[in-house]
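Residue-level structural notes
So the chains spell out like this:
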Amino acid sequence: MAMVQPVKDLQEFKDIINGDTVAIFDFWATWCGPCRFISPIFEKLAGQDGGAKFYKVNIDEAADVAEEVGIRALPTFIAFKSGQKINEVVGANASDLAAMIESSVAA
C-alpha cells in the first residue's frame, strides 16, 4: 500500500511538484468535516495507483503552501507534474477524485 506523505512547508512542496512524477495533493484541515469524510477514500485510492505519489497538506500547519496554490475551499485535490498544475477537484466527491487521479496518471 502506498503511503500518503504529509507536506510540512513550502520548500518541500516546491521540491515535490517540480519532479517528473505526478504528485497528487489533498489540501485539508482537522476542522473540515468533508475532509475527514474523504480522507480514507483518498488513502485507499493512493494505494491502488503506482503511477503517482500522494501527499496531504494540512492548511493550518502549512498555510504558506495553501496560499501559494490559492486554496479557497476544502477539501481541494490538485495534481502536479513538472511544476505545472494538471488537474484539480474541489469538494469531497469520491467519483470525481478517482477520475481526476486516473486522468492525471494517464497524462
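Residues numbered from 1 in each chain as written. Predicted model: local features only at pLDDT ≥ 70, side-chain atom pairs only at ≥ 80, totals over all residues. Heavy atoms only, no water.

On to the packing of helix H2 (residues 33-48) against helix H4 (residues 94-106). Two elements in contact, H2 and H4, have axes whose closest approach is 11 Å; the angle formed by their N-to-C orientations is 25°. As judged from the angle between their axes, H2 and H4 are roughly parallel. H4 is crossed by H2, and the crossing has right-handed handedness. Along its contact with H2, which presents Ile38, Ile41, Phe42 and Leu45, the element H4 presents Ala94, Leu97, Ala98 and Ile101. Taken together, the residues of the contact of H2 with H4 sort by class into 8 nonpolar, no polar and no charged. (Axes fitted to C-alpha atoms, helices over the stretch in contact; angles between N-to-C directions. Helix = DSSP H or I, 4+ residues; strand = E, 2+ residues; numbered from the N terminus. Parallel < 35°, antiparallel > 145°, perpendicular 65-115°, else oblique. Left-handed = near helix turned anticlockwise from the far one by under 90°. Contact = heavy atoms within 4.5 Å. Nonpolar A, V, L, I, M, F, W, Y, C, P; charged D, E, K, R; others polar.)

Attention now moves to the packing of aromatic side chains. Scanning the entire structure with this criterion turns up 8 aromatic pairs. Judged by centre distance (6.4 Å) and plane angle (70°), the ring pair of Phe13 and Phe27 falls under edge-to-face. Placement of the pair is Phe13 in helix H1 (residues 10-17) and Phe27 in strand S2 (residues 22-28), with a sequence separation of 14 residues. Clustering of aromatic rings is evident, with ring pairs tying together Phe13, Phe25, Phe27, Tyr55 and Phe80. (Phe/Tyr/Trp six-rings, centres within 6.5 Å; stacked < 30°, edge-to-face > 60°.)

This paragraph deals with the state of the cysteines. With the rule as written, the count across this model stands at 1 disulfide. Each sulfur of the disulfide joining Cys32 and Cys35 lies 2.3 Å from the other. Taking the torsion about the sulfur-sulfur bond, which here is approximately 80°, the covalent link between Cys32 and Cys35 counts as right-handed. Cys35 sits in the buried class, given a relative accessible area of 2%. (Disulfide = S-S within 2.5 Å. Buried < 20%, exposed > 50% of the residue type's maximum accessible area, 1.4 Å probe, protein only.)

To continue, consider the sheet that holds strand S3 (residues 52-58). With respect to topology, 5 strands assemble into an open sheet ordered S1-S3-S2-S4-S5, the strand pairing being mixed. Two strands close off the open sheet at either side, each with one partner strand: strand S1 (4-6) and strand S5 (84-90). Along the sheet, successive strands turn relative to each other by an average axial angle of 25°, direction set aside. In this sheet, S5 lies alongside strand S4 (residues 76-81) in antiparallel orientation, the contact comprising 6 bridges. The residue bridging Ala79 from the neighbouring strand is Asn87, located in S5. Against the sheet, H1 touches S1, S2, S3 and S4, its axis set at about 145° to S2. (Pairing = 2+ DSSP bridges.)

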